Amino acid sequence: MWNSTKITQLLGIEYPILQGPMGAGFSTAALLAAVSNAGGLGSYGAYTLTPEEILEAGKAIKERTNKPYNINLWVNDVDKTLVNYPPEKVEKIKLLFKPYFDELGIPLPDLYADIPSKFEKQVETLFEIKPAVFSFIFGIPSKEILNESRRLGIKTVGAATTLEEALALEEAQVDAIVASGFEAGGHRPSFLRPAQDSFTGLFTLLQQLKAKTKTPIIAAGGIIDAKGIAAAMTLGADAVQLGTAFMVTEESGATPLHKQVLLSGTANPTTVSKSLTGRMGRLLSNRISDAVPFETEVLPFPLQTKLIAPLKAAALAQGKTEMISFWSGQNTSALKHRNASELMQALITETGALL
């Protein structure tokens, strides 16, 4: 039985198919529930939310499913370089993006570098909700947090972009590790070395982790269909995690334009850029990502996000699609399902036929 793995047994799910925990408004209770109710593990990316918003999301989720689900947080959610960040440098970097603001006829925003971390208080709220799974990226929570997760019966899942990171997660005794290949869309969650020095493809990373670790492995990056699932599991993955394939469904919180572009089959190639948020992420290339080379200094995370947010909103309102940043994994070649339940059924049936 292809669907009986260490992960399905660990998480209490029927199929080793996980929905990527997309943050920044892409996750919804409806999407999570569609995946969990179909026997997979639905996820909710909550790193941008206040504790109160996480509680509301928890209520909405429990109204839609009684199956296991995952809430994802960022351990490191504010760059350390923001401490005492020079105001004059903020103004200098803002000027790099001024031509785009001028083109859209909007003013540059006022920015303040004093941004506190939400993580500790978010975790307190997560413990109130008690999801079956607590996944995290950009680091490893403290021993106290991991111990409390175990006491509450919450399984912990960390993300690794290198073997070194996977070994650190295993030493911390997490329950499972996401092998995040460089093909994956969204932020590159490296935490031991810079993201640009942690570029390992999924199939190589997966084999490295299977050879050197004993913790169950979840494969992520460029998987959008049953063939990808079968390939990852043949190489030893205990489960797979899909993001882009779920992002284009009607249940996701992505904008209709974002979904349309990804489903069109004519999307720009993806690139990695820090121009959108201050941290490296994979997205469809656009005018801004092309014009701002990776070595160009931008504001630290999440201050760069606050700079770009009004620009993105104005570009969307004015139909300037060439200035909008759309997150995406490298593989968009066969995206077709617009309904999350239908996507899950297709993945289950077609993977079963292959394996």
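Structure first, text after, so check above.
Quick caveat: nothing in here was measured; it's all calculated off a predicted structure.

K.L.:
Please clarify how the packing of helix H4 (residues 87-104) against helix H13 (residues 303-318) should be interpreted in this entry.
P.N.:
Two quantities define a packed helix pair, namely the angle between the axes and the distance from one axis to the other. With their axes 10 Å apart at the nearest point, H4 and H13 run at an angle of 5° to one another. Comparing their axes, H13 and H4 come out roughly parallel. Between H4, through Val90, Ile93, Lys94, Phe97, Tyr100, Phe101 and Leu104, and H13, the contact on the second element is made entirely by Leu303, Gln304, Leu307, Ile308, Pro310, Leu311, Ala314, Ala315 and Gln318. Considering only residue class, the contact of H4 with H13 consists of 13 nonpolar, two polar and one charged.

K.L.:
Explain the sheet that holds strand S9 (residues 239-242) here, please?
P.N.:
Pairing between the strands of a sheet comes from backbone hydrogen bonds, and it takes one of two forms, parallel or antiparallel. A sheet is described by the order of its strands in space; here eight strands give the open sequence S1-S9-S8-S6-S5-S4-S3-S2, paired in parallel fashion. Of all strands in the sheet, those bounded by a partner on one side alone are strand S1 (17-19) and strand S2 (42-45). Mean inter-strand twist for the sheet, computed between neighbouring axes without regard to direction, equals 25°. Pairing analysis gives four bridges linking strand S4 (residues 133-137) to strand S5 (residues 155-160), with the strands arranged parallel.

K.L.:
Any chance you could explain the pairing of S4 here in plain terms?
P.N.:
Regular strands show a simple pattern: their side chains alternate between the two faces of the sheet. Taken across its five residues, S4 has five buried, putting it largely inside the fold. Going residue by residue along S4, you find Val133, Ser135 and Ile137 tucked away on one face and Phe134 and Phe136 tucked away on the opposite face as well. With five bridges joining them, strand S3 (residues 69-74) and S4 adopt parallel strand pairing. Residue pairing in the sheet places Leu73 in a bridge with Phe136 of S4. You can see the chain leave S4, run along helix H6 (residues 143-152) and come back into S5, and the turn it takes is right-handed.

K.L.:
Would you take a moment to explain the nonpolar core for this structure?
P.N.:
Across soluble globular proteins, you tend to see nonpolar side chains buried next to one another. Residues Ile17, Phe97, Phe134, Val240 and Phe246 are the most contacted members of the largest nonpolar core, which totals 93 residues. In this structure, Leu11, Ile137, Val178 and Ala220 belong to the second largest nonpolar core, which totals 18 residues.

Conventions adopted
- Residues numbered from 1 in each chain as written.
- Predicted model: local features only at pLDDT ≥ 70, side-chain atom pairs only at ≥ 80, totals over all residues.
- Heavy atoms only, no water.
- Axes fitted to C-alpha atoms, helices over the stretch in contact; angles between N-to-C directions.
- Helix = DSSP H or I, 4+ residues; strand = E, 2+ residues; numbered from the N terminus.
- Parallel < 35°, antiparallel > 145°, perpendicular 65-115°, else oblique.
- Contact = heavy atoms within 4.5 Å.
- Nonpolar A, V, L, I, M, F, W, Y, C, P; charged D, E, K, R; others polar.
- Pairing = 2+ DSSP bridges.
- Buried < 20%, exposed > 50% of the residue type's maximum accessible area, 1.4 Å probe, protein only.
- Right-handed = clockwise from strand over helix to strand, strands pointing away.
- Core = buried A, V, L, I, M, F, W, Y, C linked by side-chain atoms within 4.5 Å.

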